[in-house]
Protein chains: 2
Amino acid sequence: VLSPYEFIAEKQRGNSHKPSEIHDFIQGFIEGEVHDYQMTAWMMSVFFQGMSYEETIALTKAMIQSGNRVDLSNINDPTGDKHSTGGVGDKITLILAPLLSASGMVIPTIAGRGLGFTGGTLDKLESIPGLSTALSIDEIKDLSFRNGLAFGAQTDDLVPADRRMYALRDVTSTVRSLPLITASILSKKVAEGIGSIVFDVKCGKGAFMETEPEAIELGQWLVNCAERFELKAAALITTMDEPIGRTVGNWLETEESIDVLRRKYMPPDIVELTESLGGTLLMLAGITGNIEQGINRLREAWNNGSAFDKFSQAVNAQGGDTGVFEENHGIYDQPRIVIPLTASKSGYISEIHAREVGYCGVLIGAGRKKTDDVIDPTSGFIFKKKVGDFVQQGEEILLIMGNDESQCKTVHNRLSGGVTIMKKEPAKTPLIRKVITREGNFEWLDYRNSK
Amino acid sequence: VLSPYEFIAEKQRGNSHKPSEIHDFIQGFIEGEVHDYQMTAWMMSVFFQGMSYEETIALTKAMIQSGNRVDLSNINDPTGDKHSTGGVGDKITLILAPLLSASGMVIPTIAGRGLGFTGGTLDKLESIPGLSTALSIDEIKDLSFRNGLAFGAQTDDLVPADRRMYALRDVTSTVRSLPLITASILSKKVAEGIGSIVFDVKCGKGAFMETEPEAIELGQWLVNCAERFELKAAALITTMDEPIGRTVGNWLETEESIDVLRRKYMPPDIVELTESLGGTLLMLAGITGNIEQGINRLREAWNNGSAFDKFSQAVNAQGGDTGVFEENHGIYDQPRIVIPLTASKSGYISEIHAREVGYCGVLIGAGRKKTDDVIDPTSGFIFKKKVGDFVQQGEEILLIMGNDESQCKTVHNRLSGGVTIMKKEPAKTPLIRKVITREGNFEWLDYRNSK
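Residues numbered from 1 in each chain as written. Chains lettered and ligands numbered in written order. Predicted model: local features only at pLDDT ≥ 70, side-chain atom pairs only at ≥ 80, totals over all residues. Heavy atoms only, no water.

### Here's the deal with unusual backbone geometry
Trans peptide bonds make up the majority, and among non-glycine residues the majority have a negative phi.
Residues and elements named next belong to chain A.
Inference 1: Of note, the phi angle at Val159 is positive, near 50 degrees, even though the residue is not glycine.
Inference 2: Secondary-structure assignment places Val159 in the loop between strand E3 (149–153) and helix H8 (160–170).
Inference 3: A relative accessible area of 0% places Val159 in the buried class.
Inference 4: Its identity as a non-glycine residue notwithstanding, Glu230 has a phi of 55 degrees, on the positive side. (Helix = DSSP H or I, 4+ residues; strand = E, 2+ residues; numbered from the N terminus. Buried < 20%, exposed > 50% of the residue type's maximum accessible area, 1.4 Å probe, protein only.)

### Remarks on the relation of the copies chain A and chain B
Inference 1: Expressed as a screw operation, the relation of chain A to chain B combines 0.1 Å of axial shift with a rotation of 180 degrees, fitting to an RMSD of 0.0 Å. Here the two chains are linked by the operation of a two-fold rotation axis. Proximity to the rotation axis, assessed at the C-alpha, singles out Tyr37 of chain A in chain A; its C-alpha lies 1.9 Å from the axis.
Inference 2: When the interface residues of chain A are mapped onto chain B, 100% of them are again interface residues, pointing to one common binding face. (Least-squares fit on C-alpha atoms with pLDDT ≥ 70 in both. Contact = heavy atoms within 4.5 Å.)

### Let's talk about the confidence of the model for chain A
Inference 1: Scored by pLDDT, chain A has a mean of 96; 100% of the residues are at 70 or more.
Inference 2: With a pTM of 0.92, the predicted complex shows an ipTM of 0.90. (pLDDT = per-residue confidence, 0-100.)

### Description of the environment of Leu399 of chain A
All names here are of chain A.
Inference 1: Mapped onto the elements of the fold, Leu399 is located in strand E11 (residues 396–402).
Inference 2: Separated by 61 residues in the primary sequence, Leu399 and Val338 place their C-alpha atoms 6.3 Å from one another.
Inference 3: Ignoring any residue separated from it by four or fewer positions in sequence, one finds Leu399 in contact with Val338, Ile339, Pro340, Gly380, Phe381, Ile382 and Lys384.

### Notes on the interface of chain A and chain B
Inference 1: Taken together, the contacts link 20 residues of chain A with 20 residues of chain B.
Inference 2: Summed over both partners, the interface of chain A with chain B comes to about 1700 Å²; 68% of that surface belongs to carbon and sulfur atoms.
Inference 3: Contact with chain B buries area across many residues of chain A, yet Gln12, Tyr37 and Phe48 of chain A alone supply 34% of it, more than any other trio.
Inference 4: Linking chain A with chain B are 0 salt bridges.
Inference 5: For the interface between chain A and chain B, the tally reads 7 residue pairs in polar contact (both at pLDDT 80 or more).
Inference 6: Of all elements in the fold, only helix H1 (4–12), helix H3 (36–49) and H8 of chain A reach the threshold of two or more residues within the side of chain A that touches chain B.
Inference 7: Counted by class, the side of chain A that touches chain B contains 10 nonpolar, 8 polar and 2 charged residues. (Buried area = accessible area lost by both parts, 1.4 Å probe. Salt bridge = Lys/Arg side-chain N within 4 Å of Asp/Glu carboxyl O. Polar contact = N/O pair within 3.5 Å; in protein donor to acceptor, adjacent residues only side chain to side chain. Nonpolar A, V, L, I, M, F, W, Y, C, P; charged D, E, K, R; others polar.)

### As for the packing of aromatic side chains
Inference 1: Applying the stated criterion to the full structure yields 27 aromatic pairs over all chains.
Inference 2: With a centroid separation of 6.2 Å and an interplanar angle of 75 degrees, the aromatic rings of Phe151 of chain A and Phe311 of chain A are classed as edge-to-face. A residue pair is termed long-range when its members are at least 10 positions apart, and Phe151 of chain A in strand E3 and Phe311 of chain A in helix H14 (residues 306–317) qualify at 160 residues.
Inference 3: The class for Phe151 of chain A is buried, based on a relative accessible area of 2%.
Inference 4: Judged by relative accessible area, Phe311 of chain A falls into the buried class, the value being 0%.
Inference 5: Through successive ring pairs, a cluster of aromatic residues spans Phe47 and Phe48 of chain A together with Phe47 and Phe48 of chain B.
Inference 6: The ring of Phe208 of chain A has Arg176 of chain A lying over it, and the distance from NZ or CZ to the ring centre is 4.2 Å. (Phe/Tyr/Trp six-rings, centres within 6.5 Å; stacked < 30°, edge-to-face > 60°. Lys NZ or Arg CZ within 6 Å of the ring centre and 35° of its normal.)

### Describing the environment of Asp170 of chain B
Inference 1: Summarising the element assignment, Asp170 of chain B is placed in helix H8 (residues 160–170).
Inference 2: Separated by 200 residues in sequence, Asp170 of chain B and Lys370 of chain B have C-alpha atoms that sit 9.7 Å apart.
Inference 3: Ignoring anything within four residues of it in the chain, the contact list for Asp170 of chain B reads Tyr5 of chain A together with Leu115 and Val175 of chain B.

### With respect to the sheet that holds strand E7 (residues 337–342) of chain B
All names here are of chain B.
Inference 1: One open sheet holds the 4 strands; their spatial order is E6-E9-E11-E7, and the pairing between them is antiparallel. The sheet is open, and its two borders are formed by strand E6 (247–248) and E7, each paired with just one other strand.
Inference 2: Of the strands in this sheet, E7, strand E9 (380–383) and strand E11 (396–402) touch helix H16 (residues 405–416), which is tilted by about 15 degrees from E7. (Pairing = 2+ DSSP bridges. Axes fitted to C-alpha atoms, helices over the stretch in contact; angles between N-to-C directions.)

### Notes on the sheet that holds E11 of chain A
Residues and elements named next belong to chain A.
Inference 1: Spatially, E6-E9-E11-E7 is the arrangement adopted by the 4 strands of the open sheet, whose pairing is antiparallel. Every other strand in the sheet has two partners, leaving strand E6 (247–248) and strand E7 (337–342) as the edge strands with one partner each.
Inference 2: Note: E7 against E11, 6 bridges, orientation antiparallel. Counted as the bridge partner of Ile339 is Ile400 from E11.

### What about the pattern of salt bridges?
Inference 1: Under the definition given, this model contains 73 salt bridges over all chains.
Inference 2: The closest approach of N and O atoms between Arg146 of chain A and Asp142 of chain A, which form a salt bridge, is 3.2 Å. Taken as a pair, Arg146 of chain A and Asp142 of chain A lie in helix H7 (residues 137–147) at a separation of 4 residues, close to a single helical turn.
Inference 3: Judged by its relative accessible area of 53%, Arg146 of chain A falls in the exposed class.
Inference 4: Residue classification places Asp142 of chain A among the partly exposed residues on the basis of a relative accessible area of 36%.
Inference 5: The shortest N-O distance in the salt bridge between Lys124 of chain B and Glu253 of chain B comes to 2.9 Å. Of this pair, Lys124 of chain B sits in helix H6 (residues 121–125) while Glu253 of chain B is found in helix H11 (residues 250–261), placing the two residues 129 residues apart along the sequence.
Inference 6: The exposure class of Lys124 of chain B is buried, given its relative accessible area of 1%.
Inference 7: A cluster of three or more residues bridged by salt bridges with shared partners is formed by Lys91, Lys124, Glu253 and Glu256 of chain A.

### Quick look at helix H13 (residues 291–303) of chain B
Residue and element names in this part refer to chain B.
Inference 1: Between its first and last C-alpha, H13 extends 18 Å over 13 residues, near the 18 Å set by a 1.5 Å rise per residue.
Inference 2: All of the buried residues along H13 are Ile291, Gly294, Ile295, Leu298, Ala301 and Trp302. All buried residues of H13 project into a common sector of 120 degrees when viewed along the axis, lining one side. Exposed side of H13, more than 90 degrees from the buried face: Glu300 and Asn303 are the residues found there.
Inference 3: Taken together, the buried residues of H13 touch helix H5 (92–102), H11, helix H12 (268–284), helix H14 (306–317) and helix H17 (444–450).
Inference 4: With a side-chain oxygen positioned 3.2 Å from the backbone nitrogen of Glu292, the residue opening H13 is Asn290. (Expected span 1.5 Å × (residues − 1). Arc of directions from axis to C-beta.)

### Some details on the pairing of E11 of chain A
As a general feature of sheets, a regular strand has side chains that alternate between the two faces.
Residue and element names in this part refer to chain A.
Inference 1: E11 sits mainly inside the fold: 6 of its 7 residues count as buried.
Inference 2: For strand E9 (residues 380–383) and E11, the ladder comprises 4 bridges, and the chain directions are antiparallel. Bridge pairing in E11 places Ile382 opposite Leu399.

### So, the pairing of strand E1 (residues 80–84) of chain B
Inference 1: Within E1 of chain B, 5 of the 5 residues are buried, leaving the element largely enclosed by the surrounding structure.
Inference 2: Burial along E1 of chain B is two-sided: the residues Gly80, Lys82 and Ser84 of chain B and Asp81 and His83 of chain B are all buried.

### So, the packing of helix H5 (residues 92–102) of chain A against helix H13 (residues 291–303) of chain A
All names here are of chain A.
Inference 1: Between H5 and H13, the least distance of the axes is 9 Å, while the angle of their chain directions is 100 degrees. Classed by the angle they form, the pair H5 and H13 counts as roughly perpendicular. Contacts from Ile95, Leu99, Leu100 and Ala102 in H5 reach Leu298, Ala301 and Trp302 in H13. (Parallel < 35°, antiparallel > 145°, perpendicular 65-115°, else oblique.)

### Description of the nonpolar core
Inference 1: By size, the foremost hydrophobic cluster in this structure holds 128 residues, and its most contacted members are Trp42 and Phe199 of chain A together with Trp42 and Phe199 of chain B.
Inference 2: Once residues within four sequence positions are removed from consideration, Phe199 of chain A is found in contact with His83, Ile185, Leu186, Leu222, Val223, Ala226, Ala233, Ala234, Ala235, Leu236 and Leu277 of chain A.
Inference 3: Counting 75 residues, the second largest nonpolar core, distinct from the first, contains Ile95, Ile258, Trp302 and Phe311 of chain A. (Core = buried A, V, L, I, M, F, W, Y, C linked by side-chain atoms within 4.5 Å.)

### Details of the packing of helix H2 (residues 19–31) of chain B against H8 of chain B
Residue and element names in this part refer to chain B.
Inference 1: Contact geometry for H2 and H8: axes closest at 10 Å, N-to-C directions at 85 degrees. The pairing of H2 with H8 is recorded here as roughly perpendicular in orientation. Counted together, Ile26, Phe29 and Ile30 of H2 and Pro160, Ala161, Arg164, Met165 and Leu168 of H8 form the full contact between these two elements.
Inference 2: Of the residues in the contact of H2 with H8, the class split is 7 nonpolar, no polar and 1 charged.

Shown next as structure tokens:
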């Protein structure tokens, strides 16, 4: 058996680990024989020397074995999930999970919290008064079986190795390593017990991966390793330059998601992301023969109200007060401060910098700088205009909503620099760029039409 | 001010740290704001990305500032020290320090303990009953002032950052980094308050640096950085293939050193190392005009007994029982087990593998595998033959001495493979190869004759 020292030295020299060595190291970490300071030294070696698919799969397995798995074997319907690498205004899970569940899939979502400029599904859901995402593995299994939909948080016994490793990576600059990212995401998704998965790998100014080649590489890692766990997988490479939809902020985004599920209004970017990811997953899961049929199936569940009913049922089952879904519910106070950002000149909006919006969200309490920061559920931004829209000088582009006047003013100044207006109408960047499957990389529209 | 995360990320990207950033990081580490797991991630980044001389000097300064320094400003005589990178049977400090002190220098030695295959000066000295090396900074200063010689251990308040960083490097495979080695060695030597230093950088089978180019590189780092602290410095590149002298083991080596100081017998390798290192240091310190004069001065102190008197005085001052210096003192029991290793065939000894001897020493209790292992002061090896000697089949090459019979037998088997006998007389490798000064690298004999 290698000592932790020898294990670290092997990776430092650029050698490959054997699966059993990786298993022993992770097991030792869980049992306290491998110290945090050895784990971070090893992860920094992995950052520099990399790992093969084989090593990454062994790491993923060892991480899963550090805890328990959700056992969905008593469920006959296809199971699946969508995972996004994180964005600004990304509320797609809230809309897509009930749509998929209403289309014949079982979706035992295990979601995350916001950190830095990216938001988190759990924070959005928990802005619904009473709703708890602290589900045990048995509760996730039970809700999946009964309702076909659950929204859970990573529990203490679900991949505990990942939670501890991620906390260390977060403070030692080792988040950005493809094998470590892949093992972190996949271990949780495999432990969910699902049969298929679609990854939304975002690229752009408000994404973890800023360039398309980086996003494609991560997509390939995720899809190729997922296949080794008998998880049917595809990754969509999507643009993340401006915030998604019309809102950023936890309650604001939940409210928007409810409006979209009810078809009260349909922001084109939300609809396109939801349909593309959902249609792909329904095809992967074998519910429909191709993506187009999958999209039609989703639209059906959308139009006949069954998706919204699924969402209400899930919220209800997790203790949430669905009274907030009604107009003029009076449950929430509006934020005290609302400051509009107006156009400094007339022209076309060419940029609303998503990362800047995300960081500004942290300043007004809509996001977290550190994992233990407390969130203000009502603060955030409402976008009256989107990139490509024409504005007159003095017209409102967005509203800054919060409860701390001086922070709102700071954000107003900072966001003025994050919004660009130009004379010429900006060129359109496609929202869904590419799709990665185990067969290779394809242009999205070609693939969609061919399947 | 950079956060620990940002500081790590800068080095990870290959950027240079500013001196103030390095100071803040080390200060934060001492104050508990920078965690062990961040220190190890940073040191692993340094391993991969390196540091410049400027960064290394800033690190050394910051480490020194983590504690107190020995203030030798009340001493008029030149102060100095010798530092060895570690070897097997390396007892030179015990002999050289009193010789230098008897030659007009003040030597406030702060020495280390053995770890792995290398021995440590402190362990050897502490095999003298009663002798304590746990001196405070004030005691080191006081003994230096009164006797011109002290043998101290690194105290809690002398470069505490180094002790903690070294303990972490030792278990995360980040010992082998030139900037980290340089800062670790130099910080302690500068904190000793000395004016000149000679480094014994060993290379070969029983050395930390196995090849000459590696040893030369370390020598250059040490000398070039030392000069920036107004420390007159030179590094001798010396061969470390077979154990030095006729013994390995703590009391055995101390006994051998006493015999050498008394000129009872003079192993040529011990004499050559002692004279070369000492002559160079006396020249650096300005006591003699050149190396040859320095060597003559040492021989004088050796011949007239003043060096041995210095040693006795120092041992006495630190509580040691000088009764063990007498023949038939009866203070120590001989080890219970003595097993000879005999020649399997007649011929010339071409190798006695120093690293193997060192690791075998750990097995019989003469060394440490972990820092908290307890040492058996009397166990070790006596070499009846050295490399180049002719042996008859069945003749004794060395004695294995210990108190655990089965371990001694294991070592006997293992050491059979560490000793090689050949028909032809082996070619001689020079013991002192090169000297590194701030003027450049020179062949030792050329340099010695030119100075």
